[in-house]
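# Observations on the model geometry
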Amino acid sequence: MPVDFSGTWNFVRSENLEAYMLTLGIDFATRKIANMLKPQKFIKQEGDVFSIQTTSTFRNYSVKFKIGEEFDEDNKGLDNRKCRSVVTWDKDKIVCTQNGEKKNRGWSHWIEGDELYLELRCEGQTSTQVFKRA
Ligand code: VL7
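Calculation rules
- Residues numbered from 1 in each chain as written.
- Predicted model: local features only at pLDDT ≥ 70, side-chain atom pairs only at ≥ 80, totals over all residues.
- Heavy atoms only, no water.
- Helix = DSSP H or I, 4+ residues; strand = E, 2+ residues; numbered from the N terminus.
- Buried < 20%, exposed > 50% of the residue type's maximum accessible area, 1.4 Å probe, protein only.
- Lys, Arg positive; Asp, Glu negative; His and termini not counted.
- Salt bridge = Lys/Arg side-chain N within 4 Å of Asp/Glu carboxyl O.
- Contact = heavy atoms within 4.5 Å.
- Pairing = 2+ DSSP bridges.
- Axes fitted to C-alpha atoms, helices over the stretch in contact; angles between N-to-C directions.
- Near = heavy atom within 4 Å.
- Polar contact = N/O pair within 3.5 Å; in protein donor to acceptor, adjacent residues only side chain to side chain.
- Areas by Shrake-Rupley, 256 points an atom, 1.4 Å probe, with all protein chains shown as cover.
- 1 Å grid on protein atoms, 1.4 Å probe; cavity = no way out; pocket = protein on both sides within 12 Å on 5 of 7 lines; lining within 4 Å.
- Sits in = over half its atoms within 2 Å of the grid points.
- Nonpolar A, V, L, I, M, F, W, Y, C, P; charged D, E, K, R; others polar.
- UniProt positions renumbered as here; feature names shortened; annotations may be inferred.

## A look at the side chain of E73
- With respect to the helices and strands, E73 occurs in strand 5 (residues 71-73).
- Buried within the structure, E73 lacks any salt-bridge partner; R105 is the closest side chain of opposite charge, at an N-O distance of 6.6 Å.
- If near-sequence neighbours (up to four positions away) are discounted, E73 is found in contact with Y61, V63, R81, K82, C83, S85 and Q98.

## Topic: the sheet that holds strand 8 (residues 106-112)
- Spatially, 4-3-2-1-10-9-8-7-6-5 is the arrangement adopted by the 10 strands of the open sheet, whose pairing is antiparallel. Sheet topology places strand 4 (61-66) and strand 5 at the edges, where each strand pairs with a single neighbour. Mean inter-strand twist for the sheet, computed between neighbouring axes without regard to direction, equals 25°.
- Where strand 7 (residues 93-99) meets strand 8, 4 bridges bridge the pair, whose relative direction is antiparallel. Residue pairing in the sheet places V95 in a bridge with S108 of strand 8.

## Some words on the site of the ligand
- As a structural note, the neighbourhood of the ligand is formed by 20 residues, with K41, I52, Y61, V63 and H109 the closest of them.
- Between the ligand and K41, the relevant distance is 2.7 Å, taken from an oxygen atom to a side-chain nitrogen or oxygen of the residue.
- A distance of 2.7 Å separates an oxygen atom of the ligand from a polar side-chain atom of H109.
- Out of a free accessible area of 620 Å², the ligand has 97% covered by protein chains.
- Spatially, the ligand is embedded in the largest cavity.
- Taken together, the elements giving at least two residues each to the shell around the ligand come down to helix 1 (17-23), helix 2 (28-36), strand 3 (49-55), strand 4, strand 8 and strand 9 (115-122).
- Class assignment for the residues of the shell around the ligand results in 13 nonpolar, 5 polar and 2 charged.

## Quick look at the UniProt feature "domain: Lipocalin/cytosolic fatty-acid binding" (unreviewed entry) in the chain
- In this structure's numbering, the residues bearing the UniProt feature "domain: Lipocalin/cytosolic fatty-acid binding" (unreviewed entry) are residues 6-133.
- Within the segment residues 6-133, helix and strand shares are 12% and 55% respectively, and the terminal C-alpha atoms sit 10 Å apart.

## Here's the deal with the environment of W107
- With respect to the helices and strands, W107 occurs in strand 8.
- Of the residues examined, W107 reaches a relative accessible area of 9% and is grouped as buried.
- Remark: the alpha-carbon pair of W107 and L120, spanning 13 residues in sequence, is separated by 4.4 Å.
- With residues near it in sequence (within four places) discarded, W107 still touches I52, F65, V87, I94, V95, C96, Q98, L118, E119, L120 and R121.

## Description of the pattern of salt bridges
- Taken as a whole, this structure holds 11 salt bridges when the rule is applied.
- Across the salt bridge formed by K132 and D114, the nearest N and O atoms sit 3.4 Å from each other. With a gap of 18 residues between them, K132 in strand 10 (residues 125-133) and D114 in the loop between strand 8 and strand 9 connect regions that are remote in the sequence.
- For K132, a relative accessible area of 34% translates into the label partly exposed.

Structure below.
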C-alpha cells in the first residue's frame with residue numbers, strides 16, 4: 001500500500017524555524033509572529049496529484065502539484081520569491097526541490113505513525129515541523 005498523506009494535520013512542534021527564516025531574509029517582526037504559530041495542514045492526495053493547504057491565524061499558504069511535473073511557485077506570504085519547483089517520490093517521502101535564487105532550497109514530507117513530518121531546507125539550514133493527525 002502506498003503512503004497516503006491525505007487528511008488534516010495539527011501542529012505539534014518545530015525545530016530551527018528561526019534559522020530557516022533568517023536564511024530566507026524574513027524580517028524580525030514577521031519571524032516573531034511566525035515562531036508563535038501552530039499551523040494546520042490540509043492535504044489532499046489523489047494518485048500523484050497533491051494539494052497542500054497550510055493555514056494559521058496569521059497567513060495561509062497553498063500549493064498544488066503533480067509528482068514529477070515542474071510548476072511555478074510564488075511563495076506568496078512567505079518570502080515571496082518565485083521558484084521553479086518539482087516534487088518527486090523518494091521511497092515513502094515526497095521531496096520538493098525549489099529552484100530559484102536561494103541555493104539548496106526545498107522540503108520533504110513523510111509519515112511516522114500518526115505524525116506528519118516536514119523538513120524545510122534552505123542554504124544549509126534545516127527546520128523540522130511535526131504534525132499529528134486530527
Ligand atoms: C512553509 C514557514 C517562514 C515566512 C509567515 C508564516 C506563515 C503559515 O512550505 C510550506 O509547506 C509546504 C509543505 O507542506 C507546502 O508548500 C509552508 C511554512 C514555513 C516559512 C516564512 C514567515 C511568514 C506560516 C503559512
